[in-house]
Amino acid sequence: MKKQNKSKSSPFGMLWGWGKPYHGKFILSVILAVMGVACQMIPYFCVVNMIARMFAGENSFSAYLPACIAALGGYCGKVLFANLSTVISHSAAYYTLRDLREQVVAKMARVPMGTILDTPSGQYKSIIVDRIEGMEVPFAHLLPEMTSNLLVPLFIIAYLFVLDWRMALLSLATLFIGLVIMAFGMRNYAEEGAGALAASKKMTDAVIEYIGGIEVVKAFSQSAGSYQKYAKAVEGNAGYYIKWMADSEKTMCSYNAIIPSVLLCVLPGGMALWLSGSLDTISLMAAVIFSLGFIGPIMEAFSFAGSLAMIGKNTEEIDSLLNAEELHHASEPVKLNSLDIALKDVAFSYDKKQEVLHKITLSIVPGTMTAFIGPSGSGKSTIAKLIAGYWDVTGGSITLGGHNLTEIPLWQLAAQISYVSQDNYLFNRTIRENIRMGKPDASDEEVEQVAVRSGCDSFIRGLDKGYETVVGSGGSQLSGGERQRISIARAMLKNAPIVILDEATAFIDPENEAVVQKAISALTVGKTLVVIAHRLSTITGADNIVVVDNGNIEAQGCHEKLLADCPLYRDMWQAHIGARDEG
C-alpha cells in the first residue's frame, strides 16, 4: 500500500486547493462582493454631503438631487453586485462540492476493501453528505462575503482616523469590548464544535445500525426506546447541542448587544469634543454616520464565526479520507499473455498486527476449477479477495500472467475478474440497469439474452414492469434467489475470463439452488473458476481442491486424493454427507 505523502495544509489551504479549478470565479465573486459593500457605503457619503449643504444654507432642491441620485445608485449597485457575487460564488461552490464528492467516491475505489469494511457506513455518509455539504458556507459565503465585509470597514475606519482620530477611537470602543467578550466566550468553540460533530457522527452510526437491524428489533418485540445504543446516541446528540447552544447564547447575546451600540461612546464623546470647540459640526456628523455604517458589515462578518470554528474539523475528516492509504497498483496497462494465477509465500494481515494467512503458495491453471474449503474463519475467502485485488498482500506475491498484481492497474485487473458472492448488492434501479452494470454499453437485447442464460428471464417477465421493475434498496423487492440470479446475469454480461464464486449459494433455498447452480454452470463455461465452497458436494469435480485451516494450506488435490490423505477434508466430507442424509 502507498501512503499519500502530502504535507499537512491549513484548513483554508485545503479549501483553496479543492476549489482550484474555479479560482477565477471565486476571485470574481470577492471583487463583486467588495464592490457591493462599497456601494452600500455610498448613501452614507451622500448623507454627509447633504448635511454639509444644509449647514451651508443651501435651499435649492436641485443642489441635493445629485446626492439623492448617487445614493439611489449606491443602493442599486449594492443589490446588483451582491447578487452577482452570490450567484457566481454559489456556482463555483456547488461545482467544487460536486468535484469533491467525486474525488471521495473515486478514492474509495482505490483504498483496500478492509478500510471500507472496517469503517462504519454512517461515517462515510457523514463525510460525503454532511461534511462536504458543510463546505458550502465557506465556499459560497465565507470567501466573498466575509472578505468584503471586513475589507470595506477597514477603509471606513481609516477614513475616520483621517477625519479625526479621537472619533475613530470612540467608534471602535464598543467593537473592542465586544471582541473581548467574543474571544473569552468562544475560547473553546473549536473543541466544542468537534464534540458536536462527534455526537452527530455517533448518532448517525447508531441510526444506520438500528435501521439495518430493524428486522431483529421487530422480531424480538423491541421498541426504538429499548434499543439502548440508538436511544442513548439520539439523546446524547440532542443534549450536547442544547447545552452547547445554551452556553454559547450568553456570549452571542452579549456581543450582539454591545457591538452595535456604537453611539453610546460616539455621541457623548463627540458632543464633548464639539462643545469644547475641538471638533467641527460636519466632522461630528460624518463620524456619527460612518460609525453606524461600518458596524453592519462587521456584524455580518462575525456571523461566520461558527463556520470558521467548524472548518478545521470538517476539512480534517474530508482530507483524512482523500489521503487514506491506497492499494499500490501501476497506472499503465500491461500485456497479459496468459491468465495463470500464482501465489508465492503469501502472508496477509488486516490490521498489520495479527497475520491471518501464512506462506500461502498455490498455482491456478487457466480454464480449471479451483475450490477452497475449510472451517469458518480459516482464510479461504481472504485468499479469493486477495486474488481479486481487494487488498495488497502483506508478504510474498500474487501474479497474474506472470505479472505481480501491483504491476496491473486496478481497472485492468477488475476487467479480468467477475466476483460473485453470497450478498451481491443490487442498486435501487431497474432490473435492466442492474444487469447492464456488467457491461455499461450493452444493448437491451444483450441484457435480455444473458437473463435467459442465467435463468432469471422468466421471473423478470412475471413482474408487473418486467425489466423496468425497480428492485428497491439492496434489491429488497426481490427474493434472495432472484437477487443472486440477477447478480450472476450481471457477471455473465461482463464475460470476464476469471470467475470467483464466494459461497454464492450459501443462503439459497433448495428450490432455487438448482436454478442458481445451472446459472453458475452457464456463467463459468470456458473460464478459470475459483470457488469458496459451502456445500462440498458441489465441488467434488474440481480440478484442485485446496483445504485451508488457520491461514495455512492443509492439503490440496482432487476429491479422491483428499479423502484418502487429508483427515480434515475427510471429516468435513463425512459431516456434509451426514447433514445431507439428515435433511
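Each remark here, short or long, concerns the structure printed above.
Residues numbered from 1 in each chain as written. Predicted model: local features only at pLDDT ≥ 70, side-chain atom pairs only at ≥ 80, totals over all residues. Heavy atoms only, no water.

J.: Which residues make up the overall build of the protein, and what values do they have?
T.: A count of helices and strands for the protein gives 22 helices and ten strands. Taking 25 Å as the expected radius of gyration for a compact globule of 583 residues, we find that the protein reaches 35 Å, considerably beyond that expectation. The dimensions of the protein, computed from C-alpha atoms along their principal axes, are 115 × 50 × 50 Å. In the protein, 78% of the contacts between residues at least 6 apart in sequence involve partners at least 24 apart. As presented, the protein carries roughly 28,900 Å² of accessible surface, and 60% of it is formed by carbon and sulfur atoms. Computed over 48 positive and 55 negative side-chain charges, the separation of the two mean positions in the protein equals 3 Å. (Helix = DSSP H or I, 4+ residues; strand = E, 2+ residues; numbered from the N terminus. Rg over C-alpha atoms; globule rule 2.2 N^0.38 Å. Contact = heavy atoms within 4.5 Å. Areas by Shrake-Rupley, 256 points an atom, 1.4 Å probe, with all protein chains shown as cover. Lys, Arg positive; Asp, Glu negative; His and termini not counted. Charge placed at Lys NZ, Arg CZ, Asp CG, Glu CD.)

J.: Which residues make up a nonpolar patch on the surface, and what values go with them?
T.: A cluster of nonpolar side chains, contributed by Trp-16, Ile-27, Leu-28, Ile-31 and Met-35, occupies part of the molecular surface with about 430 Å² of accessible area. No other element matches the four residues that helix 2 (residues 23-55) contributes to the nonpolar patch. For Met-35, the location among the structural elements is in helix 2. Given a relative accessible area of 33%, Met-35 falls into the partly exposed group. (Patch = residues over 30% accessible without salt bridge, like charges linked within 9 Å, V, L, I, M, F, W, Y side chains within 5 Å. Salt bridge = Lys/Arg side-chain N within 4 Å of Asp/Glu carboxyl O. Buried < 20%, exposed > 50% of the residue type's maximum accessible area, 1.4 Å probe, protein only.)

J.: Go over the environment of Ala-206, please, and point to the residues and values.
T.: Mapped onto the elements of the fold, Ala-206 is located in helix 8 (residues 189-212). Separated by 28 residues in sequence, Ala-206 and Val-234 place their C-alpha atoms 8.3 Å apart. Non-local contacts of Ala-206, meaning those with residues more than four positions away in its chain, are made with Lys-229, Tyr-230 and Ala-233.

J.: Quick one: what's the story with the packing of aromatic side chains, residue by residue and with numbers?
T.: Inspection of the entire model under this criterion finds ten aromatic pairs. Taking 5.6 Å as the distance between ring centres and 25 degrees as the angle between the ring planes, the aromatic pair formed by Phe-26 and Phe-139 counts as stacked. Within this pair, whereas Phe-26 is found in helix 2, its partner Phe-139 is found in helix 6 (residues 136-163), the two being separated by 113 residues in sequence. Note on Phe-139: relative accessible area 2%, which makes it buried. Seen in terms of ring centroids, Tyr-350 and Trp-391 are 5.2 Å apart; in terms of plane orientation they differ by 85 degrees. Their pairing is edge-to-face. Placement of the pair is Tyr-350 in the loop between strand 1 (341-349) and strand 2 (355-364) and Trp-391 in the loop between helix 14 (380-387) and strand 4 (395-400), with a sequence separation of 41 residues. For Tyr-350, a relative accessible area of 40% corresponds to the partly exposed category. Among the aromatic side chains, those forming a connected cluster through ring pairs are Trp-16, Phe-26 and Phe-139. The cationic tip of Arg-429 hangs over the ring face of Phe-427; the distance from NZ or CZ to the ring centre is 5.8 Å. (Phe/Tyr/Trp six-rings, centres within 6.5 Å; stacked < 30°, edge-to-face > 60°. Lys NZ or Arg CZ within 6 Å of the ring centre and 35° of its normal.)

J.: Give a detailed account of the pairing of strand 9 (residues 544-549), specifying residues and quantitative values.
T.: Taking burial as the measure, the six residues of strand 9 include five buried ones, the bulk of the element. With antiparallel pairing between neighbouring strands as the criterion, strand 9 and strand 10 (residues 552-557) make up a hairpin whose turn holds two residues, including Asn-550 at a positive phi of roughly 55 degrees. (Pairing = 2+ DSSP bridges.)

J.: Describe the pairing of strand 7 (residues 498-502), and please don't skip the residues or the numbers.
T.: Counting buried positions over the five residues of strand 7 gives five, a clear majority of the element. Side chains of strand 7 alternate between two faces, with Ile-498, Ile-500 and Asp-502 and Val-499 and Leu-501 buried alike. Relative to strand 7, strand 6 (residues 417-421) runs parallel, the two sharing five bridges. Along strand 7, the bridge assignment pairs Ser-418 with Val-499. Here strand 7 pairs with strand 8 (residues 528-532) via five bridges, running parallel. Paired with Val-499 across the bridge in strand 8 is Leu-529.

J.: Can you tell me about the packing of helix 7 (residues 165-185) against helix 11 (residues 263-275), naming the residues and giving the values?
T.: If you want to describe how two helices pack, look at the angle between their axes and the distance between the axes. It is at 8 Å that the axes of helix 7 and helix 11 come closest, and there the two elements cross at 160 degrees. By the angle between their directions, the pair helix 7 and helix 11 is classed as roughly antiparallel. Taken as a pair, helix 7 and helix 11 cross one another with a handedness that is right-handed. Along the contact surface, helix 7 presents Arg-166, Met-167, Leu-170, Ser-171, Ala-173 and Thr-174, while helix 11 presents Cys-265, Val-266, Gly-269, Gly-270 and Leu-273. Class assignment of the residues belonging to the contact of helix 7 with helix 11 gives a composition of six nonpolar, four polar and one charged. (Axes fitted to C-alpha atoms, helices over the stretch in contact; angles between N-to-C directions. Parallel < 35°, antiparallel > 145°, perpendicular 65-115°, else oblique. Left-handed = near helix turned anticlockwise from the far one by under 90°. Nonpolar A, V, L, I, M, F, W, Y, C, P; charged D, E, K, R; others polar.)

J.: How would you explain the side chain of Arg-131 if you had to name every residue and give the values?
T.: Among the structural elements, Arg-131 can be located in helix 5 (residues 121-133). For Arg-131, the contacting residues outside a window of four places in its chain are Ser-126, Leu-197, Asn-314, Glu-317 and Ile-318.

J.: Tell me what's going on with the environment of Leu-386, and back it up with residues and numbers.
T.: Note on placement: Leu-386 falls in helix 14. Judged by relative accessible area, which is 1%, Leu-386 ranks as buried. Placed 177 residues apart in sequence, Leu-386 and Leu-563 show a C-alpha to C-alpha distance of 28 Å. Setting aside anything within four residues of it in sequence, one finds Leu-386 in contact with Val-346, Phe-348, Leu-357, Trp-391, Asp-392, Val-393, Ile-398 and Leu-405.

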